Amino acid sequence: MDAVPARSTTRIRLLLPALALLAVPACTSPPTTANTAHEGPPDHVAAVCGHVEPGPATPPAGAVVVHPGVPNDLAVQTANHPPGTTFWLAPGRHVLGDDQYDQIQPRNDDVYLGAPGAVFDGRGVNRYAFAGSGSNVTISHLVVTGFNAPVNEGVVNHDSGDGWVIEHNSIEDNHGAGLMAGARQQVRANCLRTNGQYAMNAYQAGDHITGLVVEGNEITGNNTDHLEEQYRGCGCTGGIKFWAVDGADVRGNWVHDNQGTGLWADTGNNDFLIEGNVIEGNGGSAIIYETSYNAVIRNNTIRRNNWVDGRSFVDKGDTFPAATIYISESGGEPRVPARTDKIEITGNDLIDNWSGVTLWENADRFCNSAANTSTGYCTRLVRDAATCSQPAIAAPPLYGDCRWKTQRVDIHHNRFSLNPEVVGCTVLCGRMAVLSNYGTYPDWSPYRGEVIRQAITFHQGNQWHDNTYAGPWSFMAVDTNGVLDTLAWQAPPYQQDTGSTFTAGTGNR
């Protein structure tokens with residue numbers, strides 16, 4: 001659905017496709033929350049929470065000192081000083097006034113530095129910590145906690161100002177999202193922990209976010225408000241949500257134990273590099289790339305994700321291959337400028353997740369169709385969604401350009417390791433898939449019937465090759481009715497995973 005609360009900055013929307021319910025497979029008893037027993041990140045990924053770099057113990061030259069014993073001192077000092085001022089928050093608990101809309105409105109180029117022990121506390125009263133349209137603002141070395149942002153809104157950079165630098169903070173135990181994002185925002189070395197909805201909601205009104213950097217953060221335990229239970233099928237929870245971001249580097253983060261998806265690029269995103277992250281123990285997919293374009297997903301360690309969401313499909317009797325990396329109506333498009341013209345998934349180590357990679361395309365979801373849950377949005381190739389109608393949509397170029405194609409996805413040189421005893425399931429938890437539904441809606445759609453099933457499986461350049469598999473893997477192609485073994489997956493007409501190796505057994509390392 002498309003309705004959002006007042007002052008909201010993105011959309012609650014339905015993602016998962018409706019599929020026929022089939023027989024429930026036999027599985028052992030699962031954990032009911034994200035798996036929390038992890039090995040910890042490799043050395044190249046920072047474990048930030050509890051180890052955030054402290055700020056300066058004394059105020060820098062020329063900085064305005066903000067005193068914790070003076071209520072609302074930070075807001076008053078900000079209002080009384082010109083743009084480009086540096087504010088040093090002394091050790092202690094800093095608070096705003098008692099109105100829910102009391103907040104800091106930084107001016108351009110303002111800098112906010114926390115001394116060791118400086119805490120900015122919303123006390124469950126204030127909605128937002130830092131808001132407004134100021135650009136090139138720096139927030140660092142602060143604990144930001146206790147703010148009460150509504151669903152889909154954020155506490156830090158609430159109004160998605162451009163050029164913000166947010167680094168070395170603990171943004172934790174807030175409702176809503178810990179922070180929003182603007183163009184050229186840098187989010188580095190923060191602890192983004194146990195916020196009610198997301199760690200970050202990367203959405204800006206007008207869809208102008210470019211050059212976003214998210215590097216070296218620990219993103220953990222978010223969605224403490226269990227919003228999927230309140231808004232069934234909303235797709236509105238997890239670690240980070242990206243919406244219409246054109247250019248993002250997501251590197252070296254530890255994304256773990258979030259309730260929901262770890263990293264979700266949803267609608268109109270392009271030119272992503274997701275590299276060198278450890279993504280583990282999240283209840284949903286590690287990565288979703290949906291109705292978006294051109295990405296490189298490489299050299300990530302991805303383990304024990306999707307146990308909760310994957311099992312929920314089984315419990316409903318739904319055989320849809322819920323995946324750890326889920327590519328949904330997304331692909332490479334040379335006409336959309338980016339660092340790559342495909343979606344490349346390479347060099348990743350996937351260990352004991354609920355299934356592997358699913359490539360999916362909803363035949364009924366295209367511009368101007370009521371089945372498009374990104375209401376009002378069209379592809380980057382069509383300016384006006386209303387033009388995607390009969391008779392023009394039945395012929396080129398609109399026949400191809402009015403739908404988001406899962407195409408040019410290249411999955412190679414990854415390791416997929418699965419021990420069903422670790423995951424707690426004997427079937428339906430070790431699958432790769434490339435598939436679509438039978439097109440039925442709307443009645444004027446040119447994509448009804450088998451058209452999209454055949455296209456995604458055979459004609460859109462999607463390929464697996466040169467991967468390494470350990471454990472009992474199976475494969476799906478065209479639709480959910482058939483499960484393929486390794487030989488059938490590699491043989492005509494599918495001819496997938498050429499050059500790959502398969503080792504039987506449990507996938508123990």
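One structure accompanies this document, and this report is about it.

Criteria and thresholds
- Residues numbered from 1 in each chain as written.
- Predicted model: local features only at pLDDT ≥ 70, side-chain atom pairs only at ≥ 80, totals over all residues.
- Heavy atoms only, no water.
- Salt bridge = Lys/Arg side-chain N within 4 Å of Asp/Glu carboxyl O.
- Helix = DSSP H or I, 4+ residues; strand = E, 2+ residues; numbered from the N terminus.
- Buried < 20%, exposed > 50% of the residue type's maximum accessible area, 1.4 Å probe, protein only.
- Pairing = 2+ DSSP bridges.
- Contact = heavy atoms within 4.5 Å.
- Polar contact = N/O pair within 3.5 Å; in protein donor to acceptor, adjacent residues only side chain to side chain.
- Core = buried A, V, L, I, M, F, W, Y, C linked by side-chain atoms within 4.5 Å.
- Arc of directions from axis to C-beta.
- Disulfide = S-S within 2.5 Å.
- Phe/Tyr/Trp six-rings, centres within 6.5 Å; stacked < 30°, edge-to-face > 60°.
- Lys NZ or Arg CZ within 6 Å of the ring centre and 35° of its normal.

So, the pattern of salt bridges
Phase 1 of the analysis: In this structure the tally under the stated criterion is 22 salt bridges.
Phase 2 of the analysis: In this structure, the salt-bridge partner of glutamate 215 is arginine 251, at a minimum N-O distance of 3.2 Å. Residue glutamate 215 is located in strand β15 (residues 210–215), and its partner arginine 251 is located in strand β18 (residues 246–251); the two are separated by 36 residues in the primary sequence.
Phase 3 of the analysis: Judged by relative accessible area, which is 25%, glutamate 215 ranks as partly exposed.
Phase 4 of the analysis: Owing to a relative accessible area of 22%, arginine 251 belongs among the partly exposed residues under this scheme.
Phase 5 of the analysis: Between arginine 251 and aspartate 249 there is a salt bridge; the shortest N-O distance is 2.8 Å.
Phase 6 of the analysis: By sharing partners, the salt bridges in this structure join Arg188, Glu215, Asp249, Arg251, Asp271 and Arg339 into a single network.

Remarks on the pairing of strand β20 (residues 261–266)
The two faces of a sheet get side chains in turn, since along a regular strand they alternate between them.
Phase 1 of the analysis: Most of β20 is tucked away, with six of its six residues classed as buried.
Phase 2 of the analysis: Sheet topology note: the strand β17 (residues 238–242)/β20 ladder contains four bridges and is parallel. Looking across to β20, one finds that lysine 241 is bridged to tryptophan 264.

A closer look at the environment of glutamine 496
Phase 1 of the analysis: On the secondary structure map, glutamine 496 appears in the loop between α7 (486–490) and β36 (501–503).
Phase 2 of the analysis: Each C-alpha atom, one on glutamine 496 and one on tyrosine 441, is 30 Å from the other, the two residues being 55 residues apart in sequence.
Phase 3 of the analysis: Among all residues touching glutamine 496, those that are not within four sequence positions of it are Asn462, Gln463, Trp464, Trp489 and Gln490.
Phase 4 of the analysis: Of the polar contacts made by the side chain of glutamine 496, one reaches the backbone nitrogen of tryptophan 464; its length is 2.7 Å.

Describing the nonpolar core
Phase 1 of the analysis: Ranked by size, the top nonpolar core spans 81 residues in total, and within it Phe130, Met200, Leu212 and Phe242 carry the most contacts.
Phase 2 of the analysis: Grouped together as the second largest cluster of nonpolar side chains are 15 residues, Cys378, Ile393, Trp404 and Tyr447 included.

Focus: helix α3 (residues 307–315)
Phase 1 of the analysis: The set of residues buried in α3 consists of Trp307, Gly310, Arg311, Phe313 and Val314. Taken down its axis, α3 places every buried residue within 150 degrees of arc, on the same side.
Phase 2 of the analysis: Its buried side turned inward, α3 meets α5 (420–423).
Phase 3 of the analysis: Glycine 317 occupies a position one or two residues after α3 and carries a positive phi of about 75 degrees.

With respect to the state of the cysteines
Phase 1 of the analysis: As enumerated under the stated definition, the model contains four disulfides in all.
Phase 2 of the analysis: A disulfide bridge connects cysteine 49 with cysteine 191, and the sulfur atoms are separated by 2.0 Å. Around the S-S axis, the bridge from cysteine 49 to cysteine 191 shows a dihedral of about 95 degrees and counts as right-handed. With cysteine 49 in the segment before β1 (64–66) and cysteine 191 in strand β13 (residues 191–193), the pair connects residues that are 142 residues apart, well separated along the chain.
Phase 3 of the analysis: We classify cysteine 191 as buried; its relative accessible area is 0%.
Phase 4 of the analysis: Through a disulfide, cysteine 234 is tied to cysteine 236; the S-S separation comes to 2.0 Å. Taking the sign of the S-S torsion, -70 degrees for the link of cysteine 234 and cysteine 236, the bridge is left-handed. Comparing cysteine 234 with cysteine 236, the two get one shared label, buried.

Structural notes on the environment of lysine 241
Phase 1 of the analysis: Within the secondary structure, lysine 241 sits in strand β17.
Phase 2 of the analysis: Looking at lysine 241, the relative accessible area reads 3%, which means it is buried.
Phase 3 of the analysis: In this structure the C-alpha to C-alpha distance between lysine 241 and isoleucine 288, which are 47 residues apart in sequence, comes to 9.5 Å.
Phase 4 of the analysis: Beyond its immediate stretch of four places on either side in the chain, lysine 241 contacts Tyr198, Met200, Asn201, Ala202, Gly235, Trp264 and Asp266.
Phase 5 of the analysis: Reaching out from lysine 241, the side chain makes a polar contact with the backbone oxygen of glycine 235 at a distance of 2.6 Å.

Overview of the packing of aromatic side chains
Phase 1 of the analysis: Under the criterion given, the structure shown has 23 aromatic pairs.
Phase 2 of the analysis: Centroid distance phenylalanine 416 to tyrosine 469: 5.2 Å. Interplanar angle 25 degrees. Geometry classified as stacked. Taken together, the residues span a long stretch of sequence, with phenylalanine 416 in strand β31 (residues 415–417) and tyrosine 469 in strand β34 (residues 468–470) at a distance of 53 residues.
Phase 3 of the analysis: Clustering of aromatic rings is evident, with ring pairs tying together Phe416, Trp464, Tyr469, Trp473, Phe475, Trp489 and Phe502.
Phase 4 of the analysis: Between lysine 241 and the ring centre of tryptophan 264, over which it is positioned, the NZ or CZ distance is 4.2 Å.
Phase 5 of the analysis: Geometry around phenylalanine 313 places lysine 316 over its ring, the cationic atom sitting 4.8 Å from the centre.

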